[in-house]
Amino acid sequence: MSETLVEIRDLSFARGSHVIYDGISMSFRRGSVTAVMGPSGTGKTTLLRLIGGQLRPDSGDVIYDGDISIPSLGRDRLFEVRKRMSMLFQSGALFTDMSVFDNVAYPIREHFRLPEELVRTLVLMKLETVGLRGAAGLMPSELSGGMARRVALARAIALDPELIMYDEPFAGQDPITMAVLIQLIRKLNQTLGITSIIVSHDVNEVLSIADYAYVVADHHVIAEGTPEEIIKESSPAAHQFIHGIADGPVPFRYPAGDYLEEL
Amino acid sequence: MSLFDSVASLGAAGIRFVRHVGEAGCMLFRALVGRPEIKKHFPLLVRQIYVVGVLSVTIILVSGLFIGMVLGLQGYNVLVEFKAEGSLGPLVALAILRELGPVVAALLYAGRAGSALTAEIGLMKATEQLSSMEMMAVDPLRRVVSPRFWAGIYSLPVLTVMFCVIGVYGGKLVGCDWLGLDDGTFWSATRNSVDLEDIVNCMIKSAVFAIIVNWVSLYRGWVCLPTAEGISKATTGAVVDSSLLVLGADFVLTAVMFN
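Since this is a predicted model, take the numbers as computed values, not measurements. (Residues numbered from 1 in each chain as written. Chains lettered and ligands numbered in written order. Predicted model: local features only at pLDDT ≥ 70, side-chain atom pairs only at ≥ 80, totals over all residues. Heavy atoms only, no water.)

(A) A look at the overall build of chain A. For chain A, the count of helices and strands is 10 helices and 10 strands. Within chain A, contacts between residues at least 6 apart in sequence are counted, and of these 62% link residues at least 24 apart. When the accessible area of chain A is evaluated, it comes to approximately 12500 Å², of which 52% is carbon and sulfur surface. One way to put it: in chain A the 24 positive side-chain charges average out to a point 8 Å from where the 34 negative ones average out. (Helix = DSSP H or I, 4+ residues; strand = E, 2+ residues; numbered from the N terminus. Contact = heavy atoms within 4.5 Å. Areas by Shrake-Rupley, 256 points an atom, 1.4 Å probe, with all protein chains shown as cover. Lys, Arg positive; Asp, Glu negative; His and termini not counted. Charge placed at Lys NZ, Arg CZ, Asp CG, Glu CD.)

Okay, here's the thing in structure tokens:
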């Protein structure tokens, strides 16, 4: 079992002519919480999709568990590997035509032929973990944003994955929900040893639970290290992002021609 | 626009069309080819047959009845001038079986069920439900697209039969019960002029239209831009494209069958 669960090697990716990554390398240690931070639009979600094999890099490699090269896997093998990982989408992505219970039961029913009694027990256990056992009968439309995200988290851990990728888990949440989510992520990491990758731009929240962090901007990793190192980071772009300064190396303005001339 | 530009844009449109056909073909192939998992897929199929088929029954029956009645009324007015009102039965039955039944049922189906398929798949895409399925190692093509496609293939021919039956009955209602034609004449003339071939052709047409409408609707949803505007465009596009393709295919099929 390798120490590193996911490793990104010299990866480049572009959408059409729009370059998103230009030769980045990162590694995500087994059993730890790693944060990937960066201004919006730098392709943090794209990174998760690359790890999950939903997108294929133009060059470079994504290595899973030491020897599995995700981009070169065929569909069937990829699906086998995906059973070991899961992703928490920003919107929750619950199936709107199923109840909370059925949503959490969905991956279990899809992949294992278990008696309904056992499925029920498993689902209630997962829902209890996120504190929503009482909401099992509700439909997704009846949930608040924070509850939907917790249900999605219960669904994400339904198959006991070894890796969870969180896509902006804190975006648009009230402080209480945020605290609940932070606590849950930490709990899942510590008690179940689930490796976590958190993509976020909520610097303080994410640094409070991360063991290691990367800051991405401008197609590259511009800073990396433990949370303490990141906060002390002195490169101008990373400093601007972490301390939330409006203008700097990451410009406030979208590139445009001369203002006077255009008027 | 110069001549050169127009030739170039024609070429671009051609390439775009071929690419869409190729993509749609790949989508359908991946959705339909694979190990069937009857226990898992059968309940999904039944549910979709309910959604696209059973829920379309009302609109099909009402439209069929009225179209049959209107045909009866118009046909009677013309035929009576030639003292040929006894041929009203064959007129209504053949018009409906050969053309109106399969075509109108397919058009109604495209509006009622096809658009809903597109919008549903588009919204599932926009809300990342399809992505999350993929990440759960479930193939959305097999799990979402395939049952919807098969449900449509089974439903539309059945809806077409319903349309035809109630359409002929509508013609009879107007011709016999209202305008006073003899029931016996109506039915015996109808039986004498409708061949088995007409019914088979009606079913063939309906099956082809079912493939067209469902394929186009599902494909438009599958590739739509996951935004409000993208979904609305895809939905409109699904109805417009599938209607036009149905009418075009109808002409080709008619030319082959009745020539």
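(B) Quick peek at the overall build of chain B. Of regular secondary structure, chain B possesses 9 helices and 0 strands. Reading chain B from its N end, one meets helices and strands in the order α-α-α-α-α-α-α-α-α. Each of the three principal axes of chain B carries a C-alpha extent, and together these read 70 × 60 × 30 Å. Summarising the internal contacts of chain B: among those between residues at least 6 apart in sequence, 84% fall at separations of at least 24. Each charge sign in chain B was given a centre, from 19 positive and 19 negative side chains, and these centres are 11 Å apart.

(C) Fine view of the interface of chain B and chain A. Tallying the contact residues gives 16 residues for chain B and 25 residues for chain A. For the pair chain B and chain A, the summed buried area comes to about 2000 Å², and 51% of that belongs to carbon and sulfur atoms. It is Glu128, Met135 and Met136 of chain B that lose the most area in chain B upon contact with chain A, and together they represent 35% of the buried surface on that side. For the pair chain B and chain A, the number of links is 7 salt bridges. (Buried area = accessible area lost by both parts, 1.4 Å probe. Salt bridge = Lys/Arg side-chain N within 4 Å of Asp/Glu carboxyl O.)

(D) Summary view of the pairing of strand 7 (residues 163-167) of chain A. Residues and elements named next belong to chain A. Taken across its 5 residues, strand 7 has 5 buried, putting it largely inside the fold. Pairing of strand 6 (residues 85-88) with strand 7, which is carried by 4 bridges, proceeds in the parallel orientation. If you follow Met87 over to strand 7, its bridge partner there is Met165. In this sheet, strand 8 (residues 195-200) lies alongside strand 7 in parallel orientation, the contact comprising 5 bridges. Residue pairing across strands places Met165 opposite Ile197, the latter belonging to strand 8. (Buried < 20%, exposed > 50% of the residue type's maximum accessible area, 1.4 Å probe, protein only. Pairing = 2+ DSSP bridges.)

(E) Representation of helix 3 (residues 100-111) of chain A. Counting buried positions over the 12 residues of helix 3 of chain A gives 10, a clear majority of the element. Those residues of helix 3 of chain A that sit buried are Val100, Phe101, Asn103, Val104, Ala105, Tyr106, Pro107, Ile108, Glu110 and His111 of chain A. As for helix 3 of chain A, its buried residues are in contact with helix 4 (116-129) and helix 5 (145-156) of chain A together with helix 2 (38-53), helix 5 (129-135) and helix 6 (140-178) of chain B.

(F) The packing of aromatic side chains, seen in detail. A complete count under the given rule lists 6 aromatic pairs over all chains for this structure. Residues Tyr212 of chain A and Tyr214 of chain A carry aromatic rings whose centres are separated by 5.5 Å and whose planes lie at 65° to one another, so their mutual orientation is edge-to-face. Judged by centre distance (5.1 Å) and plane angle (90°), the ring pair of Phe186 of chain B and Trp187 of chain B falls under edge-to-face. Of the residues examined, Phe186 of chain B reaches a relative accessible area of 2% and is grouped as buried. Of the aromatic side chains, those joined through ring pairs into one cluster are Phe28, Tyr212 and Tyr214 of chain A. Above the plane of the ring of Phe95 of chain A lies Arg155 of chain A, whose end atom (NZ or CZ) is 4.7 Å from the centre. (Phe/Tyr/Trp six-rings, centres within 6.5 Å; stacked < 30°, edge-to-face > 60°. Lys NZ or Arg CZ within 6 Å of the ring centre and 35° of its normal.)

(G) Looking closely at helix 2 (residues 75-82) of chain A. Within helix 2 of chain A the residues assigned to the buried category are Leu78, Phe79, Val81 and Arg82 of chain A. The buried side chains of helix 2 of chain A occupy one side of the element, clustering within an arc of 160° when seen end-on. The secondary structure elements touched by the buried residues of helix 2 of chain A are strand 4 (59-64), strand 5 (68-69) and strand 6 of chain A together with helix 5 of chain B. (Arc of directions from axis to C-beta.)

(H) Just the packing of helix 8 (residues 196-223) of chain B against helix 9 (residues 228-257) of chain B, in detail. Residues and elements named next belong to chain B. At a closest axis distance of 9 Å, the pairing of helix 8 and helix 9 adopts a crossing angle of 155°. Relative to helix 9, the element helix 8 is oriented roughly antiparallel. Judged by the sense of rotation from one axis to the other, the crossing of helix 8 with helix 9 is right-handed. (Axes fitted to C-alpha atoms, helices over the stretch in contact; angles between N-to-C directions. Parallel < 35°, antiparallel > 145°, perpendicular 65-115°, else oblique. Left-handed = near helix turned anticlockwise from the far one by under 90°.)

(I) Structural detail: the environment of Ala158 of chain A. All names here are of chain A. Here Ala158 is to be found in the loop between helix 5 and strand 7. With relative accessibility at 6%, the residue Ala158 sits in the buried group. Distance in space between the C-alpha atoms of Ala158 and Thr191 is 15 Å, their sequence separation being 33 residues. Apart from the residues within four sequence positions on either side, Ala158 is in contact with Val104, Pro107, Ile108 and Lys126.

(J) Structural view of the sheet that holds strand 10 (residues 220-225) of chain A. Residue and element names in this part refer to chain A. The sheet built from 6 strands is open, its strands ordered 6-7-8-3-9-10 with mixed pairing. Edge strands, defined here as strands with exactly one partner in the open sheet, are strand 6 and strand 10. Within the sheet, the average angular offset between the axes of one strand and its neighbour, ignoring direction, is 15°. Docked against the sheet, helix 5 engages strand 6 and strand 7, running at close to 175° with respect to strand 6.

(K) Here's a closer look at unusual backbone geometry. Notably, Asp160 of chain A is not glycine yet its phi reads approximately 50°, a positive angle. By the secondary structure assignment, Asp160 of chain A is in the loop between helix 5 and strand 7. By relative accessible area, Asp160 of chain A is classed as exposed at 52%. A positive phi angle is found at Lys83 of chain B, which is not glycine, with a value near 55°.

(L) Representation of the pattern of salt bridges. For the coordinates displayed, the defined rule picks out 28 salt bridges over all chains. Across the pair Glu110 of chain A and Lys40 of chain B runs a salt bridge, and its minimum N-O distance is 3.8 Å. Taken as a pair, Glu110 of chain A in helix 3 and Lys40 of chain B in helix 2 lie in two separate chains rather than in one. Relative accessible area serves as the criterion here: at 28%, Lys40 of chain B is assigned to the partly exposed category.

What is shown is where atoms sit, not what they do.
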